[in-house]
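# Notes for the structure review
Next come the chains, spelled out residue by residue.
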Amino acid sequence: MSNDRGLLAPTDLKRPSVKWTARIAHGALLACLAVAGLGPMLWLLKAATTPTQDTLRNPMALWPNGIDLANLAEAWTRVEIDKYFLNTVALAAGSWAVQLVVAATGGYALAVLRPRIGRYISGAVLATLFVPSVVLLVPLYLTVLDPPLVGASMLNTFWAVWLPAGANAFNVLLMQRFFANLPREIFEAARVDGAGPYRLFWSIVLPMSRPIIGVVSVFAVIASWKDFLWPMLVLPDPALQPLSVRLPILQQFVELDVFLAALAISSLIPIGLFLVFQRLFLNGASLGGAVKG
């Protein structure tokens, strides 16, 4: 029997006055959290469909002179959201793929294969988390400018964003910790059946790792979508820049309502991606099904 107790005892909750007071308090708290979390996004959606003068005169009014959906169409065409949106998707997809490959293989090698120097490698990877990312900007930029063994600069190429994204120590350690908690009896049984390291990774470990793959996917896509400084440095060509870099530059050339519409469109995409990955992010039950299978 659980000994956990809340602020109110079960006997207190049976009293009508206490029960209704608790429900009202819970409802008010939920409303406050909803306003704090969804309020800015809802205001942006409202402002994206409101003329500039209405937004400036009364920012909190709900469409005093009607809804103007033309802002969204103008933002998509005039600001060329479609082109920069495709650049952002390409950068996010490539960064996601590189981070997932590096994190999964690195975590698998450290947690399942367990090399002799694995402990020292894990310590070295962990130590990189204490190095501020700003300190690495100059050496990383010089490496991209003149990469070894390549012989050509990677500036103004998506590889300049994709490859550095793979060096994410947090994702490697996250994968390693997850793989280390998987039942080792399954690995031993697979080895007895003749499965090698590659077959073990592809057929056993990856199907059991859907929850952590979802977590890493969300982190990778969101981080790439909102990254500003590094794409601005390595992608000086405007035709290759993502939304996070191009929108602040275009702000001075378009009206406020069109700019807010562009911001709303660029914000809805990562929210939709998060909702798509939410099942993998929260569905830890799939691990139990994989183990039983």
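Refer to the structure presented above.
Definitions and limits used
- Per chain, the residues get numbers from 1 upward, laid out in the order the sequence is written.
- For this predicted model, a pLDDT threshold of at least 70 governs which residues receive local features, and a threshold of 80 or more governs which side-chain atom pairs are given and counted, while totals over whole chains, interfaces and linings are taken from all residues.
- The basis for every side-chain value is the complete set of heavy atoms in the structure, and neither hydrogens nor water enter the calculation.
- Helix and strand definitions follow DSSP, with helices as H or I runs of at least four residues and strands as E runs of at least two, each counted in order from the N terminus.
- We call two residues in contact when some of their heavy atoms are within 4.5 Å.
- To be clear on the numbers: accessible area is Shrake-Rupley with a 1.4 Å probe, and residue cover counts the displayed protein chains and nothing else.
- The nonpolar core is taken to be a set of buried Ala, Val, Leu, Ile, Met, Phe, Trp, Tyr and Cys residues, with the residues joined through side-chain atoms within 4.5 Å.
- Each residue gets one of three labels from its accessible area relative to the maximum for its type: buried under 20%, exposed over 50%, partly exposed in between, using a 1.4 Å probe on protein chains only.
- Patch criteria: residues need more than 30% relative accessible area and no salt bridge. Like-charged residues are merged within 9 Å; nonpolar side chains of Val, Leu, Ile, Met, Phe, Trp and Tyr are merged within 5 Å.
- Salt bridge, as used here: a side-chain nitrogen of Lys or Arg that lies within 4 Å of a carboxyl oxygen of Asp or Glu.
- A pocket, in this scheme, is an open set of points on a 1 Å grid over the protein atoms alone with protein on both sides within 12 Å along at least 5 of 7 lines, while a cavity is a set where a 1.4 Å probe fits but cannot get out; residues line either one if an atom lies within 4 Å of a point.
- Grid points are joined across faces, edges and corners, and a volume is the space filled by probe spheres set on the points.
- When residues are sorted by character, Ala, Val, Leu, Ile, Met, Phe, Trp, Tyr, Cys and Pro go into the nonpolar class, Asp, Glu, Lys and Arg into the charged class, and all the rest, Gly among them, into the polar class.
- Only the six-membered ring of Trp is used, alongside the rings of Phe and Tyr, when aromatic pairs are assigned; centres must lie within 6.5 Å, and planes under 30 degrees apart are stacked while those over 60 apart are edge-to-face, with the rest tilted.
- Two conditions define a charge located above a ring, namely a distance within 6 Å from the ring centre to NZ of Lys or CZ of Arg, and an angle within 35 degrees of the ring normal.

For the chain, the helix and strand inventory stands at 16 helices and zero strands. Partitioning the contacts of the chain with sequence separation of at least 6, the portion at a separation of at least 24 is 72%. As displayed, the chain offers around 17,900 Å² of accessible surface, 69% of which is attributable to carbon and sulfur atoms.

Moving on, we get to the nonpolar core. If you look at the biggest cluster of nonpolar residues, it comprises 25 residues, and the most contacted ones within it are Y108, V112, M175, F179 and L182. Secondary-structure elements contributing two or more residues to this core are α5 (81-113), α9 (169-180), α10 (184-192), α11 (197-205) and α12 (210-226). The element that contributes the greatest number of residues to this core is α5, accounting for seven residues. Residues L44, L247, L260 and I265 belong to the second largest nonpolar core, which totals 21 residues.

Together, L38, L42, L45, L268, I271 and L275 make up a nonpolar patch on the protein surface, roughly 520 Å² of accessible area in all. Within the residue set of the nonpolar patch, elements represented by two or more residues are α2 (16-48) and α15 (256-282). In this fold, I271 is placed in helix α15. By relative accessible area, I271 is classed as partly exposed at 36%.

Within this structure, the stated rule accounts for four salt bridges. R78 is paired through a salt bridge with E255; the nearest N and O atoms lie 2.7 Å apart. Taken together, the positions of R78 in the loop between α4 (70-77) and α5 and E255 in the loop between α14 (243-250) and α15 put the pair 177 residues apart, joining distant regions of the chain. Each of E74, R78 and E255 takes part in salt bridges that share partners, so that together they form one network.

Size it by volume and the largest pocket reaches roughly 1,000 Å³. Along the walls of the largest pocket sit 30 residues, with S133, P164, A165, A167 and N168 positioned nearest its centre. Among the elements of the structure, α5, α7 (137-145), α8 (159-165), α9, α12 and α13 (229-234) are those that each provide at least two residues to the lining of the largest pocket. Its boundaries defined by the atoms lining it, the second largest pocket holds a volume of some 210 Å³. In this structure, the second largest pocket is lined by 13 residues; those nearest its centre are W225, L247, L263, S266 and S267. Elements supplying a minimum of two residues to the lining of the second largest pocket: α12, α14 and α15. Take the lining of the second largest pocket: its biggest share by element is six residues, from α15. Residue classes in the lining of the second largest pocket are distributed as nine nonpolar, three polar and one charged.

Turning our eyes to something else, we now look at the packing of aromatic side chains. The tally for this structure, following the rule as stated, stands at seven aromatic pairs. Between W76 and F85, the ring centres sit 6.3 Å apart and the planes meet at 45°, which makes this aromatic pair tilted. With relative accessibility at 36%, the residue W76 sits in the partly exposed group. Ring geometry for Y108 and F201: centres 4.9 Å apart, planes at 55°, overall tilted. Taken together, the residues span a long stretch of sequence, with Y108 in helix α5 and F201 in helix α11 at a distance of 93 residues. Given the relative accessible area of 5%, Y108 is considered buried. Here F201 falls in the buried class, since its relative accessible area comes to 15%. Ring pairs connect the aromatic residues W76, F85 and W225, which therefore count as one cluster. A cation sits over an aromatic face here: R23 above W20, 5.0 Å from the ring centre.

These results come straight from atomic positions and should not be treated as a statement about function.
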